Amino acid sequence: MPRILMERSGEMEVFARVVLDGGFSAAARNLDLTPSAVSKLIARLEARLGTRLLVRTTRALTLTEEGEAYHHAALRILQALNDADQEVAGGAVRGRLRINTTIPFGTMFVAPAMPEFIARNPDLIVDLSFTDGIVDLVAEKTDVALRMGNLPDSGLIARKLGQSRRLVCASPEYVARRGSPETPADLEHHDCLTFNFRRARPTWPFRHEGRDIAQPVKGSIVVNNGETMKQMALAGAGIARVGLFHVAEEIAAGRLVPLLEAHNPGDLELVHAIYVGGGPLPHRVRAFIEHMIATLEGNPLLQGIALPSWQKGEISHLPYSVNASI
């Protein structure tokens, strides 16, 4: 039977602390150890693994490729150990919960849900960040991210919270000035508002004459978040393709008008909660996801169905049942 290495978790904790603090001396102070003790622990860890994890110079400390992989794995294992302690201690929801989501979704759904969530979990500190950019959950030390759209392949775990219908729309002023496109091909002669994300595609999906097409679009303005895109559309700067939840009020009030609805192919934007796998789901993350599922359940803007009409007031009376589970 192989010897059980009882010191592994300690080595992982020291290694993770060195990476977090950016050096041996700072880590030693926080761990109440000497710098030489920290150096010896890291050297022993590298010798046992048979590879270099850190590159140390007089000015900086950087991770090797192997160090990056080990660091990600170590964080997951250390979190699992902490969760195991909490499980035995009664599974209390406490500590700091770091949440990241997009600006529109966070403003509309997450922020209003926080007072009740905190009231139920008074020992929890919620750390909210709203951004439409791609987030490295491990590097940013984020517990859970809420994201829209299709997800790239990764080692992350995703739970579906809902789906929003996407539509193409513009302001009445823009339509009066430039005309309304009758077919997807007409967009070639219009200013289309697009995103500048690396993952963003310069095409929009439509269904024309019984087949699905990817219509190339272009315009004078590209943006990095949905809120800016909505404001540009409201200002008459161009045609936008956005989630219904983001512009429902503007559509109902007539400040934006849907375009090319006859060619909408059932364009959906999925909403997921994303977190790092590799161990038991932390109680604080599970509690948050369950709270968001309960909060979003029944919301018509996250059902993803085609609306029967665009008359004012009808949007808030649609049936809905969310399909999500932990």
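Note: the structure precedes this text.
Residues numbered from 1 in each chain as written. Predicted model: local features only at pLDDT ≥ 70, side-chain atom pairs only at ≥ 80, totals over all residues. Heavy atoms only, no water.

What follows concerns unusual backbone geometry. In this model, Glu-209 sits at a positive phi of 55°, which is unusual for a non-glycine residue. Inspection of the secondary structure puts Glu-209 in the loop between β8 (203-208) and β9 (211-216). Look at Glu-209 and you get exposed, because its relative accessible area is 72%. Positive phi, normally seen in glycine, also occurs at Leu-260, with a value near 55°. Relative to the helices and strands, Leu-260 resides in the loop between β12 (257-259) and β13 (268-276). (Helix = DSSP H or I, 4+ residues; strand = E, 2+ residues; numbered from the N terminus. Buried < 20%, exposed > 50% of the residue type's maximum accessible area, 1.4 Å probe, protein only.)

As a further point, take the nonpolar core. Side chains of nonpolar character tend, in soluble globular proteins, to be buried together. Residues Leu-97, Phe-105, Val-144, Leu-146, Leu-161, Phe-288 and Ile-289 are the most contacted members of the largest nonpolar core, which totals 41 residues. Broken down by element, the residue count for this core peaks at 7 residues, all from helix α9 (residues 283-296). Residues Phe-15, Val-38, Leu-45 and Tyr-70 belong to the second largest nonpolar core, which totals 16 residues. (Core = buried A, V, L, I, M, F, W, Y, C linked by side-chain atoms within 4.5 Å.)

Across its 15 residues, helix α3 (residues 35-49) extends 21 Å between first and last C-alpha, which sits within 8% of the 21 Å expected from 1.5 Å per residue. Here α3 has its buried residues at Val-38, Ile-42, Leu-45 and Glu-46. Looking straight down α3, one finds its buried side chains confined to an arc of 95°; they lie on one side. Among the exposed residues of α3, those pointing more than 90 degrees away from its buried face are Lys-40 and Ala-47. (Expected span 1.5 Å × (residues − 1). Arc of directions from axis to C-beta.)

Within the secondary structure, His-263 is located in the loop between β12 and β13. The exposure class assigned to His-263 is buried, which follows from its relative accessible area of 12%. In this structure His-263 touches Glu-182, Thr-183, Pro-184, Phe-206, Arg-207 and His-208, once residues within four positions along its chain are discounted. (Contact = heavy atoms within 4.5 Å.)

Turning to the packing of aromatic side chains, a few remarks are in order. The relation between two aromatic rings is expressed through the spacing of the ring centres and the mutual angle of the planes. Within the structure shown, the criterion is met by 5 aromatic pairs. Seen from their ring centres, Phe-15 and Tyr-70 are 5.4 Å apart, and the 70° between their planes marks the pair as edge-to-face. With Phe-15 in helix α1 (residues 8-21) and Tyr-70 in helix α4 (residues 65-88), this residue pair connects regions lying 55 residues apart in the sequence. Their ring planes at 70° and their centres at 5.8 Å tell us that Phe-117 and Phe-288 sit as a pair that is edge-to-face. You can see Phe-117 sitting in helix α5 (residues 103-120) and its partner Phe-288 sitting in helix α9, a full 171 residues away along the chain. Of the residues examined, Phe-117 reaches a relative accessible area of 1% and is grouped as buried. On the basis of relative accessible area, Phe-288 is assigned to the buried category, the value being 0%. In this structure an aromatic cluster arises from ring pairing among Phe-105, Phe-109 and Phe-245. (Phe/Tyr/Trp six-rings, centres within 6.5 Å; stacked < 30°, edge-to-face > 60°.)

Turning our eyes to something else, we now look at the pattern of salt bridges. All told, the structure shown has 16 salt bridges when counted by the stated rule. Note that Glu-269 is salt-bridged to Arg-166, the shortest N-O span being 3.9 Å. Of this pair, Glu-269 sits in strand β13 while Arg-166 sits in strand β6 (residues 156-170), placing them 103 residues apart in sequence. Arg-166 gets classed as buried once you look at its relative accessible area, which sits at 16%. Note that Asp-191 is salt-bridged to Arg-178, the shortest N-O span being 3.3 Å. With Asp-191 in the loop between α6 (172-178) and β7 (194-195) and Arg-178 in helix α6, the pair connects residues that are 13 residues apart, well separated along the chain. Using a relative accessible area of 23% as the deciding quantity, one classes Asp-191 as partly exposed. Because the salt bridges share partners, they merge into one network encompassing Arg-166, Arg-241, Asp-267 and Glu-269. (Salt bridge = Lys/Arg side-chain N within 4 Å of Asp/Glu carboxyl O.)

So, on to the side chain of His-71. Along the polypeptide, His-71 turns up in helix α4. Exposure remark for His-71: the relative accessible area of 10% places this residue in the buried category. With near-sequence residues (within four places) excluded, His-71 lies in contact with Phe-15, Ala-16, Val-19 and Leu-63.

Compared with an ideal rise of 1.5 Å per residue, which puts 14 residues at 20 Å, α1 spans 20 Å between its outermost C-alpha atoms and is within 8% of the ideal. Among all positions of α1, only Glu-11, Met-12, Val-14, Phe-15, Ala-16 and Val-18 are buried. A positive backbone phi angle near 80° is found at Gly-22, which sits one or two residues after α1.

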